[in-house]
Amino acid sequence: MSTLKRTEAERLLAEVPYRDRLRTVRMAMPSGMRPVSLRSLEEVGWFLEPSLRTLPGIRLENLADWIEKNFADLETADKLRRLTRESPSPAAACKAAWSVITARVEEARGVVDG
Amino acid sequence: MENKLYGFAGKILLVDLGAGTTTAVSSEKYRQWGGGHGLGSALFWDYCKDKTITDGRDPKNVMVVAASPFSGTNTPSAGGRCEVVGVGVGQYPVSWYTRSNFGGRFSATLKYAGWDAVVVMGRAREPVWLDIRNHEVAIRPAGKLWGTDTKTLQQKLWQRLLEEAGGMEGWYRLPGKRGPEYSTQKPAILCIGPAGEHQVAQGCLIHDSGNGAGQCGFGAVWGSKNLKAIAVQGSGAVAVADPAALAAARFAAKEHYAADFDNPDLRHWGPFGVPAWPVIFFDQPNEHRRVQACQGCIAGCRARFNVGYGNEVSCQETEWYSPHVIKWCKGDKQKASEIVYKTADLCNQLGLNSYPMGIGLDWLIGLREEGRLGPGKEIDSKLDWDKVGSLEFIRELLEALARGEDIGALVADGWVQGAIKAGREADWRSGKLLFTYWGMPEHGYDSRLELEWGYETLICDRDMNSHSINFIFWFVNISVIYGFKPRISAEKLVKVATDKMKPWVSGPEALDYATANMYSDAVMDMVRWHTFYSRFWKNSCLLCDFRWADLFNTNRPDLSGATASETAGEQVFWNAVTGEHLSFNDGIARGRRIWHLDNAIWALQGRHRDMMVFADYVYDKDCDTFEFPFYLWPCRNSAGEWEYTDLLHRRLDREKFEDWKTRFFKKEGLDPGSGRPTRAGLKEQGLEFVTAELERHKCLGREDKV
């Protein structure tokens, strides 16, 4: 049972203005690192989804700060900070972060959709 | 030996489109340049009568499509590459004499037809295509072929050539020495699409489905010459000096350096031994895939699918639009995959270079979000920007870019030129439009961190796109990202790699990218080595950049790669094919000579050292723009020990980099005040024949400053 209020859930599903986007990169060997802009939690989830072809280039500490600042979601931000400290590798941390973000988006959608 | 031109077909085809004539000249005179780029530069020097031109669309421009002695042989990952040279379109501040390169089977077929290179001069009065069937060559009217996309063009030409053969179903007819010869091999076609026809800077050359000479606007050059396509059919072979030695080298490469097909090492380090893997960067349409490779390749980095799209596309063209597509498809990867691969197909069909698109599109989206771009806005665009990520939008955008319409009109002469035209020069200077050098986008490796990439690009003519050193970044960083201990220690890696570079570098410090060492002579020597290596072994001999140079290789107990090795080094293949007795370092010296010839052409085009600069942001801002976690590279720490060190958060010091350039010019015998060739320097390189022309144009550097 989610403890999210409807207004909180709506905020979690919203898109931030372009100026507040999170800039990351997608790593593709040997093509290089390609800038990617993220504006919503849902997009972050898609970005972090594990792929055989490329890797997400992202600093999870900064992702946590961005989520806290733009979505006021301290709970998710703290989970990401903990993951960063405890995961055995950046790839493992990203995979775990993907699960966290995806679950949070699903939770918010469940609240909004009733 | 009876045939002194082993490896060479023996003839070069001169095509004067203005006069409507074709002529054959012997390759003998040009053998000293290897093939590919060196051959192309020498031919450009001989046949371009006005080398001061700075727009590739000038009818005086001469363009060379060149094979190498390796083309059409089974030298691993070399038989199918092809080099293109000439004055480009769309670079900034000047479109230099430059180069591009593509794979497939064109260069091999050209050799089988008896030609080492095609030199294209002048401008045809009406659109034409070039029909090469062994020794018979014809300039033919393009008629309704003009206006077609590259896929339609190739299909129509294949069909036409079949019909002209008459008789046997599915057989092409070629003229032979003793009468007609027949082949089922489809003609190899190099062509332009609408982008080239409209002479836009993004116009490229396309061969088969996914092989493109993308960078530098050579499609626009062909468009300006009214040349739609070159179709080649050949039924000959390449005379190899020592076939047994070539076979032995190929087996040695397989035995000692290449991947074990049955038991691949998925954590392998080193480009030559990486297991075959399609170089595609988005989920493939489905699992029904066949491997596709350039002629003679040991890898097969492309794929063919059973869905009718995405065939043979690879690398950057499979990812640049994907972030927008994922958003449009709300995370549905299957749906997104179709759009991503169809987008790649569209680029190839329109003959568009996709490389600037990703970064260019980011910039345009930012302008739109700021309210500067849209209908009736500061930058007028009628495209439906609400649909970014859809196939519908990208089709409209690519068509506009290919035809120089809508937003395509703004960037038709290049993206930086477009920014300046729109009054947005500051966007380029600040890195908001991430075009780092020569009016080209950052490749994906920041010049403040990956030194060889930035430095080498500036002393050349375009984004250098040569990964030999860059593979260090990938193998190290991917290991750490996955939590593995690096397969090779930093100390061992730099030793093994720099041992290959001796005597051009003195030791491991050549790969120390620490801030304290980034402007050193040691790093400069490594950049020189890599520039000259690339100029000869990659761009002239046409070894594939994805496999060579193999500086380190975990298939070997000593971790030393195939490069320069006694059994499977570059020179072993070269000597087996050509019958020469070239050492590996002789090849580097040839690359140096070729670079100096190129530099002479750049001097005639007006190059001065003051032009050899990065966009301002490289000097003005630390590299921490993106949320990238780290950029590990071998460095010595304060105790003098080697370790993998994060290079983020630094910038280039303008003054120190200028001093680096000065030392580079001096070391190469160039005038440090201008970067231009000197009489003595040219003599040292055996390039006395260019001196008079440089002198006539007052482009010789001052001797007293060296």
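Residues numbered from 1 in each chain as written. Chains lettered and ligands numbered in written order. Predicted model: local features only at pLDDT ≥ 70, side-chain atom pairs only at ≥ 80, totals over all residues.

Quick look at the overall build of chain A now. Check the secondary structure of chain A and you find five helices and three strands. The linear arrangement of helices and strands in chain A, starting from the amino end, is α-β-β-α-β-α-α-α. When the backbone C-alpha atoms are referred to their principal axes, chain A occupies close to 45 × 30 × 25 Å. Among the 114 residues that make up chain A, the fraction classed as buried is 42%. Long-range pairs, those at least 24 residues apart, make up 59% of the contacts in chain A between residues at least 6 apart in sequence. (Helix = DSSP H or I, 4+ residues; strand = E, 2+ residues; numbered from the N terminus. Buried ≥ 20, exposed ≤ 12 C-beta atoms within 10 Å, placed from the backbone. Contact = placed C-beta atoms within 7 Å.)

This brings us to the overall build of chain B. Summing up its helical and strand segments, chain B has 23 helices and 22 strands in all. A principal-axis box enclosing the C-alpha atoms of chain B has dimensions of 75 × 70 × 60 Å. Burial analysis of chain B (706 residues in total) assigns 60% to the buried set. Taking the contacts inside chain B whose residues are at least 6 apart along the sequence as the reference set, 68% of them involve residues at least 24 apart.

The next point concerns the domain arrangement of chain B. You'll often see interface size given as the accessible area lost when the parts meet. Here the domain parsing of chain B yields domain 1 (11–233), domain 2 (275–424) and domain 3 (451–564 + 583–676). Placing a centre on the C-alpha atoms of domain 2 of chain B and another on those of domain 3 of chain B gives a separation of 30 Å. (Domains from an automatic or database assignment.)

This part covers the sheet that holds strand β5 (residues 97–102) of chain B. Two modes of strand pairing occur in sheets, parallel and antiparallel, and in both the strands are linked by backbone hydrogen bonds. Residues and elements named next belong to chain B. If you trace the six strands from one edge of the open sheet to the other, you get β2-β1-β6-β3-β4-β5, paired in mixed fashion. The open sheet is flanked by β2 (21–26) and β5, the only strands paired with a single partner. Geometrically, the sheet is characterised by an average inter-axis angle of 20° between neighbouring strands, direction not taken into account. As paired elements, strand β1 (residues 11–16) and strand β6 (residues 117–121) share five bridges and run parallel to each other. Residue leucine 13 lies in a different strand from β6, and its bridge partner there is valine 118. (Pairing = 2+ DSSP bridges. Axes fitted to C-alpha atoms, helices over the stretch in contact; angles between N-to-C directions.)

Residue and element names in this part refer to chain A. The end-to-end C-alpha separation of helix α3 (residues 60–71) is 16 Å, in line with the 16 Å expected for 12 residues at 1.5 Å each. Taken together, the buried positions of α3 are occupied by Leu60, Leu63, Ala64, Trp66, Ile67 and Phe71. Along the long axis of α3, the arc covered by the buried residues comes to 165°, so they all point the same way. Structurally, α3 contributes buried residues whose contacts are with α1 (6–12), β1 (22–28), α2 (41–48), α4 (74–86) and α5 (90–113). Positive backbone phi, approximately 50°, marks alanine 72, located one or two places after α3. (Expected span 1.5 Å × (residues − 1). Arc of directions from axis to C-beta.)

Attention shifts here to the sheet that holds β1 of chain A. Residues and elements named next belong to chain A. One open sheet accounts for three strands, arranged β2-β1-β3; its pairing is antiparallel. One side of each edge strand has no neighbouring strand; the edge strands of this open sheet are β2 (32–38) and β3 (55–57). Pairwise comparison of adjacent strand axes, ignoring direction, gives a mean angle of 35° for this sheet. Bridging between β1 and β2 involves seven bridges; their strand directions are antiparallel. Of the residues in β2, the one forming a bridge with alanine 28 is glycine 32.

It is worth spelling out the interface of chain A and chain B at this point. Every contact between the two is made by 30 residues of chain A and, on the other side, 32 residues of chain B. When residues of the side of chain A that touches chain B are traced back to their parent elements, those giving at least two are β1, β2, α2, β3 and α5 of chain A. The greatest single-element share of the side of chain A that touches chain B, amounting to six residues, is contributed by β1 of chain A. Class assignment of the residues belonging to the side of chain A that touches chain B gives a composition of 16 nonpolar, eight polar and six charged. (Nonpolar A, V, L, I, M, F, W, Y, C, P; charged D, E, K, R; others polar.)

Turning to the pairing of β1 of chain A, a few remarks are in order. Residues and elements named next belong to chain A. Extensive coverage of β1 is indicated by the burial of six of its seven residues. In this antiparallel pair of consecutive strands, β1 and β2, the connection spans three residues. Across three bridges, the pairing between β1 and β3 is antiparallel. Opposite valine 25, over in β3, you have glycine 57 as the bridge partner.

Looking now at the confidence of the model for chain A. Here chain A averages 95 in pLDDT, while 100% of its residues score no lower than 70. When pLDDT is averaged over each helix and strand of chain A, the minimum, 93, is found for β2 of chain A and the maximum, 98, for α2 of chain A. (pLDDT = per-residue confidence, 0-100.)

Here we take up the pairing of strand β9 (residues 172–176) of chain B. Residue and element names in this part refer to chain B. Pairing between β9 and strand β10 (residues 179–183): five bridges, direction antiparallel. By the bridge assignment for β10, proline 175 is matched with proline 180. Counting the residues that bridge the hairpin from β9 to β10 gives two residues.

Glancing now at helix α3 (residues 150–165) of chain B. Residues and elements named next belong to chain B. With 16 residues, α3 extends 22 Å from end C-alpha to end C-alpha; this agrees with the ideal 22 Å at 1.5 Å per step. Of the residues making up α3, those classed as buried are Thr150, Leu153, Gln154 and Leu157. Seen from one end, α3 has its buried residues packed into an arc of 95°, which puts them on one side. Opposite the packed face of α3, turned more than 90 degrees from it, sit the exposed residues Gln159 and Glu163. Structurally, α3 contributes buried residues whose contacts are with β11 (188–191), β12 (205–207), β14 (227–233) and α8 (333–350).

Once that is clear, we can look at the packing of α3 of chain A against α4 of chain A. Residue and element names in this part refer to chain A. Viewed as axis vectors pointing N to C, α3 and α4 meet at an angle of 175°, and their least axial separation amounts to 8 Å. Between α3 and α4, the interaxial angle falls into the category roughly antiparallel. Facing Leu60, Glu61, Leu63, Ala64, Ile67 and Glu68 of α3, the residues of α4 in contact are Leu74, Thr76, Ala77, Leu80, Arg81, Leu83 and Thr84. Partitioning the contact of α3 with α4 into residue classes produces eight nonpolar, two polar and three charged. (Parallel < 35°, antiparallel > 145°, perpendicular 65-115°, else oblique.)

Here we take up unusual backbone geometry. Residue and element names in this part refer to chain B. Omega for the peptide link from lysine 502 to proline 503 comes to 10°, which places this bond in the cis form. Checked against the element boundaries, proline 503 lands in the loop between α16 (490–499) and α17 (521–538). The residue after tryptophan 548, namely alanine 549, is reached through a cis peptide bond having omega 0°. With a phi angle near 50°, aspartate 406 is a residue other than glycine that sits in the positive phi range. Among the structural elements, aspartate 406 can be located in the loop between α10 (391–403) and α11 (407–410). The exposure class assigned to aspartate 406 is partly exposed, which follows from the 16 C-beta atoms found within 10 Å. One non-glycine residue, alanine 564, lies in positive phi territory at about 65°. Residue placement: alanine 564 occurs in the loop between α17 and α18 (570–578).

Before going further, it helps to examine the environment of lysine 5 of chain A. If you trace the backbone, lysine 5 of chain A turns up in the segment before α1. The exposure class of lysine 5 of chain A is exposed, given the 10 C-beta atoms found within 10 Å.

In this section: the environment of glutamate 456 of chain B. Residues and elements named next belong to chain B. Turning to its location among the elements, glutamate 456 is positioned in helix α14 (residues 451–459). With 21 C-beta atoms counted inside 10 Å, the residue glutamate 456 sits in the buried group. Through-space distance from the C-alpha of glutamate 456 to that of arginine 123 is 33 Å; in sequence the pair is 333 residues apart. Apart from the residues within four sequence positions on either side, glutamate 456 is in contact with Met464, Val527, His530 and Thr531.

Averaged over every residue, the pLDDT of chain B is 96; the share at 70 or more is 99%. Reported for the predicted complex are a pTM of 0.97 and an ipTM of 0.96.

Of all hydrophobic cores here, the largest spans 257 residues; its most connected members are Val64, Ala117, Val119 and Leu205 of chain B. Apart from the residues within four sequence positions on either side, valine 119 of chain B is in contact with Ile12, Leu13, Leu14, Val15, Leu43, Tyr47, Val62 and Val64 of chain B. (Core = buried A, V, L, I, M, F, W, Y, C linked by C-beta atoms within 7 Å.)

Moving on: the environment of glutamate 126 of chain B. Residue and element names in this part refer to chain B. Assignment of secondary structure puts glutamate 126 in the loop between β6 and β7 (128–133). Assessed through the 9 C-beta atoms surrounding it within 10 Å, glutamate 126 is described here as exposed. Placed 50 residues apart in sequence, glutamate 126 and proline 76 show a C-alpha to C-alpha distance of 41 Å. Setting aside anything within four residues of it in sequence, one finds glutamate 126 in contact with Pro141 and Asn226.

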